[in-house]
Amino acid sequence: MEKIRQLKRKFLNKLMLFLSLLAALYGLFWLFWILGVLCFNGFKYLSIELFTQDAGPPGLNIGGLRHAFVGHLIITILSTIIGIPIGLFAGIYYAEYGRNSKFFYVLKNITDVMVSTPSIIMGAVMYALLVIPLKHFNALAGALALAMLMVPVICVTTYEMLILVPFTLREAAYALGAYKWQIIKDIVLRSAKVGILTGIILGVARISGETAPLLFTAFSNNYLSFDIFKPMASLTVTIFNYTMSPYEYWHNQAWAASFCLTFFILILSLIAKFLIHYGNIFKNKR
Amino acid sequence: MFQKSPYIETFTRYFLGFWAVFTGFIFPLIIFLILFYESRLAIQKFGFLQFLTSTSWDPVRESFGALPMIAGTLISTFIAIIIAAPISIGIAIFITELAPSWLKGFVITCVELLAAIPSIIYGMWGFLILAEVMRNKVEPFLQTVLGPIPLIGKLFSGVPTGVDVLTTSLVLSIMIIPFMASVVKDAFNLVPSVMKESAYGLGATKWEVIKDVVIPYTASGIAGGLILSTGRALGETMAVAFLAGNVPQIPKSLLEPFTTITVALANQFTEADTPLYLSSLFYLSLILFIISFIILILAKLMVLRLEKRWKK
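Counting starts from 1 at the beginning of each chain's written sequence and moves along it residue by residue. Just so you know, chain letters begin at A and ligand numbers begin at 1, following the order they were written in. Reporting in this predicted model follows two pLDDT cut-offs: at least 70 for local features of residues, and 80 or more for side-chain atom pairs to be given and counted; totals over whole chains, interfaces and linings ignore these cut-offs and use all residues.

## A look at the overall build of chain B
Within chain B, the secondary structure is distributed over 14 helices and two strands. Dimensions of chain B, computed from the C-alpha atoms along their principal axes, are close to 80 × 65 × 35 Å. Each residue is classified by how many other C-beta atoms fall within 10 Å of its C-beta atom, where C-beta atoms are placed from the backbone; a count of 20 or more means buried, 12 or fewer means exposed, and values in between mean partly exposed. Looking at chain B as a whole, 47% of its 312 residues qualify as buried. In chain B, once contacts between residues fewer than 6 apart in sequence are set aside, the share between residues at least 24 apart is 77%. Secondary structure follows DSSP: runs of H or I at least 4 residues long count as helices, runs of E at least 2 residues long count as strands, and numbering of each begins at the N terminus. Here, residue contact means that the backbone-derived C-beta atoms of the two residues sit within 7 Å.

Take a look at the structure:
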């Protein structure tokens, strides 16, 4: 009787561990399916015209996505320029001044929550703030919506990197008579710079794949445009429109564009992961 | 001699402080106020209860009710969580307890990459590849296997189209698995190894240790992970926009097209031509913002509780 019970326990153990192995394989299965399809179709339809020509008329097999690549770059750079400083400033304050304050503890947790706020909400807010007053879609609204998405991400990672800096380092500087701003500039930021860079890379990776906030702020167009007060095409919105269209040629272009976009983002994520790893090794050695 | 440093000191403090208050307080408040202000027309016209319970969404007759969208959002999120929860816990168990260290890093990286793929790619892949597989293979198969069973069979009635609740929930579940798995994994890592070792010392098997020590110890972390991914799934737009079919109806079977709050916003914002129509869309986004904010705060509180216990 005892033996049977033990066999049963052992069997259950093996079964559950096997199931957890299956769960891991299940996750890998989808990842490789998606990436496999993306690589296969992306490579097949990648061409020079994709980068050198603007959109062709619907239904004809000509044209490229130069306007979308350029527009995406402009919007991403603009939102990065706006988003990074704000996120950094807030993150530094939470870590350096607000660490023992209840009020800023609450604010920091609200910022944590804002990281996961639906991105389409930012689009709606920017639509109300910039598109309605200007009476037409504009790229600036899109860039600001993305910047607003980026601020909490950068703020939270900056905070997390700064609290890793040992307190003794700060105390040593205090003992030398340094001001707090000098400590932040010369001690804290300098020793956490790899971590902060990681946060920025993650923030850029997060916003460069966003579509929803751009749908009704930056909208889309079919030609090369540098005017941020006019509608501007972005890769993601173009992929959305092309995939929903009935034209085979546009589908193919959407595949190629998705391939470029996804691998750009995956490489950014891998760099960020590598930096975190590298930073840790660096810290342990010291 | 004029001393600059004390002034820089004060300036830095208030300058950084302003942005800190902006990010954590003014910014969420602005979002709420703007959405509230823009939806005033719809709030006046429909009130709160009528908007939430009315099922008609008819831009031509200017009658707007949010029930189909809210129901669609909740149903697809719920099914996605049900699919994703056991799998994420399984992945977390595999990573923390089972995998040899060389495989561990690989699986963690893969799960992180799954989280990094933009949602539009999920949507596109779902629309062009998965929907076809679902329509031709999976859904007819499910119908023949589960169709004859009463009650459950009803869930699979209708013509398989591939663009429906089932496909949407499946893709949503794939998208939230990484978030859930990483929260659960972090929670599992918080369990002191002394506790696990003492259970092993009593002769427990690995599964018994997981079931009776690790999972009860991390219950609030697991719940936090579940709720966090609920918040993510609620706000997911692009993948759902491709796969939901955008029909404002409450789905009666898993094979029917439907719509969610986010899909309605994504598809209709650019075509809203009357003030009331636009205002109703802002009202929808306000509801989405409030629901997701509350859910995410709940998740945060649960995770914080676990961390507090661990620190003691």
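There is more to say after this.
## Things to note about the overall build of chain A
The helix and strand inventory of chain A stands at twelve helices and zero strands. Listing the helices and strands of chain A from first to last along the sequence gives α-α-α-α-α-α-α-α-α-α-α-α. Taking 2.2 N^0.38 as the reference for a compact globule, 286 residues should give roughly 19 Å; the C-alpha atoms of chain A span a radius of gyration of 24 Å, well beyond that estimate. With the C-alpha coordinates of chain A rotated into their principal frame, the extents come out at 75 × 65 × 35 Å. We compute the radius of gyration from the C-alpha atoms alone; for a globule the expected value is 2.2 Å times N to the 0.38, where N is the number of residues.

## Points about the domain arrangement of chain A
Residue and element names in this part refer to chain A. Domain start and end points were adopted from an automatic or database domain assignment. Under the domain assignment used here, chain A contains domain 1 (1-45) and domain 2 (49-285). Placing a centre on the C-alpha atoms of domain 1 and another on those of domain 2 gives a separation of 34 Å. Between domain 1 and domain 2, the contact holds five residues from the first and seven residues from the second. Split by residue class, the side of domain 1 that touches domain 2 holds three nonpolar, two polar and no charged. Think of it as three bins: nonpolar holds Ala, Val, Leu, Ile, Met, Phe, Trp, Tyr, Cys and Pro, charged holds Asp, Glu, Lys and Arg, and polar takes everything else, Gly as well.

## Thoughts on the packing of helix α1 (residues 2-45) of chain A against helix α5 (residues 101-116) of chain B
Where α1 of chain A contacts α5 of chain B, the two axes come as close as 10 Å, and the packing angle between them is 50°. As the angle between them shows, α1 of chain A and α5 of chain B are arranged oblique. Note on packing geometry: the crossing formed by α1 of chain A with α5 of chain B is left-handed. Note on element contacts: α5 of chain B touches α1 of chain A through Val107, Cys110, Val111, Leu113 and Leu114 of chain B, opposite Ala24, Gly27, Leu28, Trp30 and Leu31 of chain A. A fitted line through C-alpha atoms represents every axis, and for helices the fit uses only the stretch in contact; the resulting angles, taken between N-to-C directions, go from 0 to 180 degrees. For classification purposes, an angle smaller than 35 degrees is called roughly parallel, one larger than 145 roughly antiparallel, one from 65 to 115 roughly perpendicular, and anything else oblique. Handedness of a helix crossing follows the sense of rotation of the near helix relative to the far helix, less than a right angle counterclockwise being left-handed and clockwise being right-handed.

## Describing the interface of chain A and chain B
Counting residues at the interface gives 72 residues for chain A, matched by 68 residues for chain B. Among the elements that line the side of chain A that touches chain B, the one with the most residues is α1 of chain A, at 19 residues. By residue class, the composition of the side of chain A that touches chain B is 49 nonpolar, 17 polar and six charged.

## What to know about helix α4 (residues 67-98) of chain B
The terminal C-alpha atoms of α4 of chain B lie 45 Å apart, and with 32 residues this matches the ideal 46 Å at 1.5 Å per residue to within 8%. At Ala84 of chain B, α4 of chain B shows its largest kink, close to 30°, and the proline Pro86 of chain B lies no more than four residues downstream. Here, expected helix span is obtained from the residue count minus one, scaled by 1.5 Å. Note on bend: the value at a residue is the angle between axes fitted to the seven residues ending there and to the seven starting there.

## Looking at α1 of chain A
For α1 of chain A, with 44 residues, the first-to-last C-alpha span of 64 Å sits near the 64 Å given by 1.5 Å per residue. Among all positions in α1 of chain A, only Ser20, Ala23, Ala24, Gly27, Trp30, Ile34, Leu35, Leu38, Asn41 and Gly42 of chain A are buried.

## What about the confidence of the model for chain A?
Every residue gets a pLDDT, meaning the predictor's confidence in that residue, from 0 to 100. In the predicted model, chain A carries a mean pLDDT of 89, and the fraction of residues at 70 or more is 97%. Ranking the helices and strands of chain A by mean pLDDT puts helix α3 (residues 66-96) of chain A first, with 93, and helix α12 (residues 248-285) of chain A last, with 83.

## Some words on unusual backbone geometry
With phi around 70°, Lys135 of chain A is a residue other than glycine that occupies positive phi space. Mapping Lys135 of chain A onto the fold places it in the loop between α5 (119-134) and α6 (139-162). Since 7 C-beta atoms lie within 10 Å of it, Lys135 of chain A is described here as exposed. Within the chain, Glu62 of chain B stands out as a residue other than glycine whose phi angle is a positive 55°. Take Glu62 of chain B: it is sitting in the loop between β1 (57-58) and β2 (63-64). Under the C-beta neighbour-count criterion, Glu62 of chain B is labelled exposed, with 11 such atoms within 10 Å.

## Concerning the confidence of the model for chain B
Residue and element names in this part refer to chain B. Of all residues in chain B, 98% attain a pLDDT of 70 or more, and the chain-wide mean is 88. Model confidence for chain B, summarised as mean pLDDT per element, is weakest for helix α7 (residues 152-155) at 79 and strongest for α4 at 92. On the interface metric, ipTM, the complex scores 0.88, and its pTM is 0.89.

## A look at the environment of Ser119 of chain A
Considering the arrangement of structural elements, one finds Ser119 of chain A in helix α5. Linking Ser119 of chain A and Ala145 of chain A, residues 26 residues apart in sequence, is a C-alpha distance of 8.4 Å. Apart from residues lying up to four places away in sequence, Ser119 of chain A is in contact with Leu149, Glu210, Ala212 and Pro213 of chain A together with Gly235 and Thr237 of chain B.

## Re the packing of helix α4 (residues 102-115) of chain A against α6 of chain A
All names here are of chain A. One can describe the packing of α4 onto α6 by two numbers: an axis separation of 8 Å at closest approach and a directional angle of 130°. Taken together, the axes of α4 and α6 lie oblique to each other. In this structure, α4 meets α6 at a crossing whose hand is left-handed. In contact with Lys108, Thr111, Asp112, Met114 and Val115 of α4, α6 contributes Pro152, Val153, Cys155, Val156 and Tyr159. Along the lines of polarity and charge, the residues of the contact of α4 with α6 split into seven nonpolar, one polar and two charged.

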